[in-house]
Amino acid sequence: MKGYWRCGFYVFLCVGLLFSLISCGSSNEGAPNTDLLVAFITDDRGGPGSVQRYDGTTGASLGTVAAGGALSGPTGLVFGPDGNLYVTSIDNGKVLRYNGTTGAFLNTFVDNIPHGEAFGFALGPLGLAFGPDGNLYVSNDFTNDVRGYNGTTGAALGIFASAGLDAPTGLIFGPDGNLYVSSFNSSSVERYNGRTGAAMGTFAAGGGLDGPEQLVFGPDGNLYVSSFNSNSVLRYSGTKGGFQRAFVTAGSGGLNAPTGLAFGRDGNLYVSSNASDEVLRYDGGTGAFKNIFVPAGRQQFPAFLTFAP
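Each chain has its residues counted from 1, following the order in which its sequence is written. Given that this is a predicted model, residues contribute local features only at a pLDDT of at least 70 and side-chain atom pairs are listed and counted only at 80 or more, while totals for whole chains, interfaces and linings are drawn from all residues. Excluding hydrogens and water, the side-chain values take into account all heavy atoms of the structure.

**Examining the sheet that holds strand 11 (residues 136-140)**
Stated formally: Between any two strands, at least two bridges found by DSSP are needed for them to pair. Secondary structure elements follow DSSP: runs of H or I no shorter than four residues count as helices, runs of E no shorter than two count as strands, and numbering proceeds from the N terminus. Axes here refer to lines fitted to C-alpha atoms; in helices the fit is confined to the stretch in contact. Angles between the N-to-C directions go from 0 to 180 degrees.
Read across the open sheet, the four strands follow the order 10-11-12-13; overall the sheet is antiparallel. The outermost strands of the open sheet, each flanked by one partner alone, are strand 10 (125-130) and strand 13 (156-161). The sheet shows a mean angle of 30° between the axes of neighbouring strands, direction not considered. Where strand 12 (residues 145-149) and strand 13 come together, four bridges link them in antiparallel fashion. Bridge pairing in strand 13 links Tyr 149 to Ala 156.

**Some remarks on the pairing of strand 17 (residues 199-205)**
Both strand 16 (residues 188-192) and strand 17 contribute to a ladder of five bridges, which runs antiparallel. Across the sheet, the residue bridging to Arg 191 is Gly 201, located in strand 17. From the end of strand 16 to the start of strand 17, which pair antiparallel, there are six residues, and Gly 197 there has a positive phi angle of about 80°.

**Concerning unusual backbone geometry**
For Asn 231, which is not a glycine, the phi torsion comes out positive at approximately 55°. With respect to the element layout, Asn 231 can be found in the loop between strand 19 (223-227) and strand 20 (232-236). Its identity as a non-glycine residue notwithstanding, Phe 301 has a phi of 60°, on the positive side. Looking at the element boundaries, Phe 301 is found in strand 26 (residues 299-307).

**Thoughts on the packing of aromatic side chains**
We apply this condition: Between 30 and 60 degrees the pair is tilted, below 30 it is stacked and above 60 it is edge-to-face, where a pair is any two Phe, Tyr or Trp rings, Trp via its six-membered ring, whose centres lie within 6.5 Å. For every residue, the accessible area obtained with a 1.4 Å probe (protein chains only) is divided by the maximum for its type, and the residue is called buried under 20%, exposed over 50%, and partly exposed between those limits.
Tallied over the full model, the rule gives 14 aromatic pairs. On the numbers, 5.6 Å between centres and 65° between planes, the contact of Tyr 98 with Phe 105 is edge-to-face. On the basis of relative accessible area, Tyr 98 is assigned to the buried category, the value being 0%. When the centroid spacing of 5.0 Å and the interplanar angle of 80° are considered together, the rings of Tyr 224 and Phe 247 count as edge-to-face. You can see Tyr 224 sitting in strand 19 and its partner Phe 247 sitting in strand 21 (residues 243-248), a full 23 residues away along the chain. The buried category is assigned to Tyr 224, whose relative accessible area is 1%. Three or more aromatic residues joined by ring pairs form one cluster here, namely Tyr 86, Phe 109 and Phe 130.

**Quick look at the pairing of strand 25 (residues 289-294)**
As paired strands, strand 24 (residues 278-282) and strand 25 are joined by four bridges and run antiparallel to one another. Across the sheet, the residue bridging to Arg 281 is Asn 291, located in strand 25. Connecting the antiparallel pair strand 24 and strand 25 is a turn made up of six residues, with Gly 287 showing a positive phi of about 85°.

This is how it looks when you write it as structure tokens:
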């Protein structure tokens, strides 16, 4: 998969339909951040992509932390209970595991995840989350579901959740232990019982949400969702799901196709701007733009991001 990873594909789908008819940060405001990790879909030479590491305080590049081992089109990333880094490889349907400290490739943790292409764009495993049960859960916009895998062996456990999902992207287990999943095409956040996967209905929608990607519960307990097509980050009640406001207003600081979200230990919000190849930083209390934290460089199309433990 090369190029602008999601916008072109879903714009194409929307046009076709017209003709046929989203790791909670610490609340220690001002505390120093750990390193920031960003999954980049590709680079300026059309390479297979990589996970890059940046100093969590200055944004200075610390180099490639994960690449190789058949990694192609990295999108989602999460640190596991074992301290290692897990990364989705959307182009070939894998979850790869890397040493959480050195970035050395360890193994293909999950293989043969359903994936495919539509109009030249890759579809397959995207978001990752470890559940309270220690198992790994993977969203898949090719099969429109969330599947579970044994958190120790990677063995498939079957479909965990699917009702109401149309191109699921980001996912997270909330403070209540339930699973929250961004449904890109229906522009909603769906909620599922964290133990059984039973559908609990739409948790958040409206307020201009259009193409939700990564989602995170903030230090204030509210839910923040990147809205890819409206170039904004929206805030919803973390308990009721009601829309509160556009926390990062459309295009603030040059935000273009926001994808990844993470609160730092400093209390600020970090957002990957997929179309401008940057990571932007916003005041965690007001949503005001602060600065370009990671400027555009050779790496292209930043997807999800996370801070190191």
